[in-house]
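A closer look at the structure
Next come the chains, spelled out residue by residue.
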Amino acid sequence: MTAPMASTPHSVATQRLTSLVAEIREVVGRGMPPDLTARLVAERLAPHLAAADLLTPGQRAGDPRHYRQHLLHAEHDGGFSIVALVWLPGQRTPVHDHVAWCTTGVHEGIEHERRYRLVPAAAGGGGQARLARVSDAAGEAGTVAALAPPGDIHHVWNPGPSKAISLHVYGADISRLGTSVRRVYRLPADL
């Protein structure tokens, strides 16, 4: 299950966010492969992270029940969306993958990510598919990551003790889809 999205009117975009949207629009407009697009968007996102003038106070608000998503921008042609995720201590996503390429950047606090690969069930019907851990990363403010399907199975969490905020840029219109998640995995996984 993903957190409900709080829609933020475009009129409250900060000048820095408006600048970031223009930079991402230029990259997406090149029509490159998803993995390269995600990496180049990460390069554009990084200099804006941890800047005090990127988000409004309302876009930094969390929810005590689950991590909170604030839609910051959805491109008119569906090419990309920008979301701020606010994580209170202990909040996490389920293990999931995405409908499109994704770039993430830690704006405040620390965000942990664990990536997996899907190991199919053995041929002949024996056994069950499972998730094998590929990597673990702890990102501090300024850290960026790029993901593109396939190979984008992961989960993210805030280990605490304070709020964490990250920006996520998706290669899809999240305002229309409602989520960036393609599939939630409920398989045995390496810990």
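Note: the structure precedes this text.
Remember, it's a predicted structure, so these values are computed and weren't measured experimentally. (Residues numbered from 1 in each chain as written. Predicted model: local features only at pLDDT ≥ 70, side-chain atom pairs only at ≥ 80, totals over all residues. Heavy atoms only, no water.)

1. Brief notes about the overall build of the protein
In terms of helices and strands, the protein carries 3 helices and 11 strands. Seen in sequence order, the protein has helices and strands lined up from the N terminus as β-α-α-β-β-β-β-β-β-β-β-β-α-β. Relative to the compact-globule value of 16 Å for 191 residues, the protein shows a C-alpha radius of gyration of 16 Å, a close match. Along the first, second and third principal axes, the C-alpha atoms of the protein reach 55 × 40 × 25 Å. (Helix = DSSP H or I, 4+ residues; strand = E, 2+ residues; numbered from the N terminus. Rg over C-alpha atoms; globule rule 2.2 N^0.38 Å.)

2. As for the packing of helix α1 (residues 15-28) against helix α2 (residues 34-45)
Two elements in contact, α1 and α2, have axes separated by 10 Å at closest approach and are oriented at 160 degrees. One finds that α1 runs roughly antiparallel with respect to α2. Between α1 and α2 lies a crossing of right-handed hand. Listed contacts from α2 to Leu 20, Glu 23, Ile 24, Glu 26, Val 27 and Val 28 of α1 are Thr 37, Leu 40, Val 41, Arg 44 and Leu 45. Its residues placed into classes, the contact of α1 with α2 shows 7 nonpolar, 1 polar and 3 charged. (Axes fitted to C-alpha atoms, helices over the stretch in contact; angles between N-to-C directions. Parallel < 35°, antiparallel > 145°, perpendicular 65-115°, else oblique. Left-handed = near helix turned anticlockwise from the far one by under 90°. Contact = heavy atoms within 4.5 Å. Nonpolar A, V, L, I, M, F, W, Y, C, P; charged D, E, K, R; others polar.)

Interpretation note: all reported values are geometric properties and have no functional meaning in isolation.
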